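Residues per chain, in single letters:
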Amino acid sequence: MATRVIKNQEVVEEDFIWQVFEAGQDAPEEGSSVLVPLTYALEHGLDQFDASSLAKLGLILTGDDNPSEAKQFFERIDCIAVSFPKFADGRGYSIGRLLRERFGWQGELRAVGQILHDQLLYLSRCGFDVLELEEGKDPERALKAFKVFSVNYQPAVDSDQAIYHRR
Amino acid sequence: MYRYDHFDSTLVHERVAQFRDQVNRRMEGELSEDEFRPLRLMNGLYLQRHAYMLRVAIPYGLLSSVQLHKLAHIARTYDKDYGHITTRQNIQYNWPKLQEVPDLLDELASVEMHAIQTSGNCIRNISADHFAGIAADELEDPRPYCEIMRQWSSFHPEFSYLPRKFKVAFTGATNDRAAVRFHDIGFRIVENDEGERGFEVIVGGGLGRTPIVGQVVREFLPKQHLLSYSEAILRVYNLHGRRDNKYKARIKILVKSLGVEEFARQVEEEWEHIKGSALLLEQAEIDRVKAFFAPPERNPDALLDDSYLQAAKENSRFSRWLKRNVHQHKVPGYHAVTISLKAPGVPPGDVTADQMDQIAELATKYSLSRVVATHEQNLVLTDVESKDLVALFSALDDHKLATPNVGTLADMICCPGLDFCALANSGSIGLAAKIYDHFDDLDYLYDLGDLKLKMSGCINSCGHHHVGHIGLLGIDKRGEEFYQLLLGGSASDDASIGKWLGPAIAQDDVVDALDAVVKTYVDLREDGEAFLETYRRVGPEPFKERVYGN
Ligand code: SF4
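If you're wondering where the values come from, they're calculated on a predicted model, not measured in any experiment.

Explain the site of the ligand to me, please; I cannot follow it from the model alone.
Taken together, Cys415(B), Pro416(B), Gly417(B), Cys421(B), Leu423(B), Ala424(B), Ser456(B), Gly457(B), Cys458(B), Asn460(B), Ser461(B) and Cys462(B) form the complete shell of residues around the ligand. Grouping the constituent residues of the shell around the ligand by class yields seven nonpolar, five polar and no charged.

Would you mind going over the interface of chain B and chain A with me for this structure?
Interface size is commonly expressed as the accessible area that is lost once the parts come together. Each partner contributes to the interface: chain B provides 47 residues, whereas chain A provides 38 residues. In terms of surface lost to chain A, no three residues of chain B exceed Phe7(B), Pro157(B) and Tyr161(B), which account for 21% of the buried area on that side. Between chain B and chain A we count eleven salt bridges in total. A salt bridge links Arg102(A) to Glu270(B); the nearest nitrogen and oxygen atoms lie 2.7 Å apart. Where chain B touches chain A, the interface holds 25 residue pairs in polar contact (both at pLDDT 80 or more). Those elements that place two or more of their residues in the side of chain B that touches chain A are α1 (6–27), α2 (33–41), α5 (143–153), α6 (226–240), α8 (260–274) and α9 (283–292) of chain B. Residue contributions to the side of chain B that touches chain A peak at ten residues, all from α1(B).

Please explain helix α16 (residues 510–524) of chain B as it appears in this structure.
Along an α-helix, residues three or four positions apart point the same way, because every turn accommodates 3.6 residues. Its 15 residues give α16(B) an end-to-end C-alpha distance of 21 Å, which sits within 8% of 21 Å, the value for a rise of 1.5 Å per residue. The complete set of buried residues in α16(B) reads Val510(B), Val511(B), Ala513(B), Leu514(B), Asp515(B), Ala516(B), Val517(B), Val518(B), Thr520(B) and Tyr521(B).

Just checking my understanding: could you explain the state of the cysteines for this structure?
In a disulfide, the sulfur atoms of two cysteines are covalently bonded to one another. Tallied over the entire structure, the rule returns zero disulfides over all chains. Just so you know, Cys79(A) is unpaired, no disulfide at all, and the nearest cysteine sulfur is the one on Cys126(A), 17 Å from it.

Would you explain the sheet that holds strand β15 (residues 379–385) of chain B in this entry?
Two pairing modes exist for strands in a sheet, parallel and antiparallel, and in both the strands are linked by backbone hydrogen bonds. All names here are of chain B. The antiparallel open sheet is built from five strands, whose spatial order is β3-β14-β15-β12-β11. Every interior strand has two partners, whereas the edge strands, β3 (62–64) and β11 (326–328), have only one. Sheet twist, expressed as the mean angle between neighbouring strand axes with direction ignored, is 35 degrees. Bridge analysis of β3 against strand β14 (residues 370–373) gives three bridges, and the strand direction is antiparallel. Paired with Leu63 across the two strands is Val371, which belongs to β14. Sheet strands in contact with helix α11 (residues 316–325) are β11 and β12 (334–339), and its direction is about 45 degrees off that of β11.

It is not clear to me how the domain arrangement of chain B should be interpreted in this structure. Could you clarify?
All names here are of chain B. Taken domain by domain, chain B comprises domain 1 (6–109), domain 2 (134–292), domain 3 (302–398) and domain 4 (413–548). Distance from the C-alpha centre of domain 1 to the C-alpha centre of domain 4: 33 Å. Facing the nine residues of domain 1 at the interface are eleven residues of domain 4. Both sides of the domain 1 and domain 4 interface together cover about 780 Å² of buried area, and 53% of this is carbon and sulfur. Of all residues in domain 1, Gln48, Arg49 and Thr87 bury the most surface against domain 4, accounting for 63% of the area lost on that side. Where domain 1 packs against domain 4, one counts zero salt bridges. Connecting domain 1 to domain 4 are one residue pair in polar contact (both at pLDDT 80 or more). Class assignment for the residues of the side of domain 1 that touches domain 4 results in two nonpolar, six polar and one charged.

Would you take a moment to explain the packing of aromatic side chains for this structure?
Think of a pair of aromatic rings as described by two things: how far the centres are apart, and how the planes are tilted against each other in angle. Residue and element names in this part refer to chain A. Taken as a whole and assessed by the stated rule, the structure comprises 26 aromatic pairs over all chains. Here Tyr40 and Phe49 contribute two aromatic rings whose centre-to-centre distance is 6.4 Å and whose plane-to-plane angle is 70 degrees, an arrangement assigned as edge-to-face. A single burial state applies to Tyr40 and to Phe49, both of which are buried. Taking the centre distance of 5.8 Å and the plane angle of 70 degrees together, the rings of Phe84 and Phe128 count as edge-to-face.

Please explain the confidence of the model for chain B as it appears in this structure.
Caution applies to low-pLDDT regions: their predicted coordinates should not be interpreted in detail. Here chain B averages 94 in pLDDT, and 100% of its residues register 70 or above. On the interface metric, ipTM, the complex scores 0.97, and its pTM is 0.95.

Which parts of the structure should I look at to understand the pairing of strand β5 (residues 56–61) of chain A?
Regular strands place side chains that alternate from one sheet face to the opposite one. Residues and elements named next belong to chain A. Counted residue by residue, β5 has five buried out of six residues, so it is predominantly covered. Two strands pair when backbone bridges link them, and strand β4 (residues 33–37) and β5 are joined in this way by five bridges, in the parallel orientation. Each bridged residue has a counterpart across the sheet, and for Leu35 the counterpart in β5 is Gly58. At this point the chain moves from β4, through helix α1 (residues 38–44), to the parallel β5, and the crossover so formed is right-handed. One ladder, built from four bridges, connects β5 with strand β6 (residues 79–84); its direction is parallel. Residue pairing across strands places Ile60 opposite Ala81, the latter belonging to β6.

Would you mind going over helix α13 (residues 389–398) of chain B with me for this structure?
All names here are of chain B. Taken together, the buried positions of α13 are Leu389, Leu392, Phe393, Ala395 and Leu396. If you follow the buried residues of α13, they end up packed against α10 (307–314), α11, β11, β12, α12 (353–366) and β15. The first or second residue beyond α13 is Lys400, which carries a positive phi of 60 degrees.

Got a minute to help me understand the side chain of Lys223(B) in this structure?
Residue and element names in this part refer to chain B. Locating Lys223 in the fold gives a position in the loop between β10 (215–222) and α6. Residue Lys223 is classed as buried on the basis of its relative accessible area of 12%. Excluding residues within four positions of it along the chain, Lys223 makes contact with Glu140, Tyr145, Arg197, Gly198, Phe199, Leu281, Ile286 and Lys290.

Where do I start with the pattern of salt bridges in this structure?
Any two side chains of opposite charge can pair, on the condition that their charged atoms come close. Going through the model one piece at a time under the given rule, you end up with 67 salt bridges over all chains. For Asp5(B), the salt bridge goes to Arg167(A), with nearest N and O atoms at 2.5 Å. Of this pair, Asp5(B) sits in the segment before α1 while Arg167(A) sits in the segment after α4 (139–142), placing the two residues on different chains. The shortest N-O distance in the salt bridge between Asp354(B) and Arg76(B) comes to 2.9 Å. One end of the pair, Asp354(B), is in helix α12; the other, Arg76(B), is in helix α3 (residues 65–78), with 278 residues separating them in the sequence. For Asp354(B), a relative accessible area of 46% gives the class partly exposed. Take Arg76(B): its relative accessible area is 37%, and that puts it in the partly exposed class. Salt bridges sharing partners connect three or more residues here, namely Arg97(A), Glu101(A), Arg102(A), Glu158(B), Glu231(B), Arg235(B) and Glu270(B).

What counts and how
- Residues numbered from 1 in each chain as written.
- Chains lettered and ligands numbered in written order.
- Predicted model: local features only at pLDDT ≥ 70, side-chain atom pairs only at ≥ 80, totals over all residues.
- Heavy atoms only, no water.
- Near = heavy atom within 4 Å.
- Nonpolar A, V, L, I, M, F, W, Y, C, P; charged D, E, K, R; others polar.
- Contact = heavy atoms within 4.5 Å.
- Buried area = accessible area lost by both parts, 1.4 Å probe.
- Salt bridge = Lys/Arg side-chain N within 4 Å of Asp/Glu carboxyl O.
- Polar contact = N/O pair within 3.5 Å; in protein donor to acceptor, adjacent residues only side chain to side chain.
- Helix = DSSP H or I, 4+ residues; strand = E, 2+ residues; numbered from the N terminus.
- Expected span 1.5 Å × (residues − 1).
- Buried < 20%, exposed > 50% of the residue type's maximum accessible area, 1.4 Å probe, protein only.
- Disulfide = S-S within 2.5 Å.
- Pairing = 2+ DSSP bridges.
- Axes fitted to C-alpha atoms, helices over the stretch in contact; angles between N-to-C directions.
- Domains from an automatic or database assignment.
- Phe/Tyr/Trp six-rings, centres within 6.5 Å; stacked < 30°, edge-to-face > 60°.
- pLDDT = per-residue confidence, 0-100.
- Right-handed = clockwise from strand over helix to strand, strands pointing away.

Below is the structure:
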């Protein structure tokens, strides 16, 4: 099965599925792609996940996590996912910016959870390059969300200029 | 006043197109009501008791005549011929149809207005001292900073899904007329020992269920850091504000639970990282925005014509109006004139389409085409010359806009209550009518002096009852309308939160209770003492005895 996601503002099919690792679970199968919760990684490290036997390894953060603590794992991972359990929970926007702007994460930054059409633009402005829409939502239709505004008032991950630098 | 450049106008028009698309997706069923709700709220559209209500932003309360004419036109075309001025200097329409809202927004955009972020869990429309730019006690006009902040906060990608709404107010004056201690952030323009201007930053004030006076997080913030420091505050709040309970989600609860020192420490730490970022305001931008608010050219002879003083001797109605509704202006020979929207028989804060047009015309004729909406739900003509006062009075009087009750008990603040609001326990508007009827003797009202009566229809406190000298809060008691009576609140420099006087009072008895309160004051006041001073001196007991005594 494949997942259709929006990557860099285009719809792409991923030929793998991210599995979120749960404490107590058996070691992930060879060739799978695994997201390890940051809290688990902090407690147990990532050594038990053999990067050479996995297709991909990433971290998943929730709004309660402190993104600075992810930094120590940057070298060993392919992706950071941030979960938005409800679209109204906006902590992930700050976490995204901090990961990009303060801690220098340059790899894939993925927004998962209740991700809807009208959040896409702000998520991408906050540094998310892969957006996994909530199930049942059509990513093609949602692409126009990126075109809503042609200018922005404030600097963010996508632009280090405020409007007053362009006036 | 600020004029849009092509960036501002592009953004506002793109916003209308976005909202039009959202409404279409809702109508076609692509968006569920649950998904649509936060989107429409972010654009000021509420579902009320009977219909949708649209809240239109009046940034820092300032309107041009052209804009006010447009608001009148909108009231006529999309509503039932009136609008309602809110306690945050905005205007609400109670009857727009969902399908027509995008067109209404297009009309607003044509006069550089919008409904952006007038609701929802985001940074709301910025409010300011309604005498900004003309007050004699002002160090500096705060509105350029409001405008800079309005732009930064509009469509902020990081802060559009905050734990709860976020309100910001500015003042540049020594007397606080903007209630900066009761906002999520209040900025006061101050001068440091070196004579530089900057902001005192007050965080965590607010009303609602848990009224709290804000605390100073930074005594002096250099101006160029306005945005970076705000971003630091908002980031700490966005990450750490509570999201598990909407009644504990405002920043005031975070500040309280961390303690102001720890909160300030976290903000300063965050700020250290971003103070040198692109958010650092350049002087050129401050100057560019300031130029829009530069004082207008004045008539150097304005002071010479003081014939209005003679007129006041001959016409007692004019003289009353002069005393209550006309205020000192920093330039001698000019005056600020408050148009009371608290006329008997009219819900407080309501203004009809015809009145809006008339006020806009009078502003063009007598007041540099500027009108300001106040958080006390009145309108102000900010720049009236002495020579025009008599003519202005009679024109206002013709349109029932010269009610001379500004600052008195009858100039009450009142939320829409049961008549419109889905959350209300009580019909505050109905009670307002009874109060007008009872306190209809102007001389008596004047004798009572400055008295702030504030009423809310429920604990959400849109009518600011906690900070009224006298506050009334509607509650539901076994299906009956009752009111809690609070005394001793103030939203000004001597900020304080009113205290319950005693058991809730049935709607029918509220007027008698008010009567007992003011009579107690009259009996006990000492020379020239205002209500609040007497209350603070004698305490609640004598009031309690008289209200509940027999
Ligand atoms: S105070 Fe309550 S009743 Fe009044 S407008 Fe606010 S929510 Fe509605």
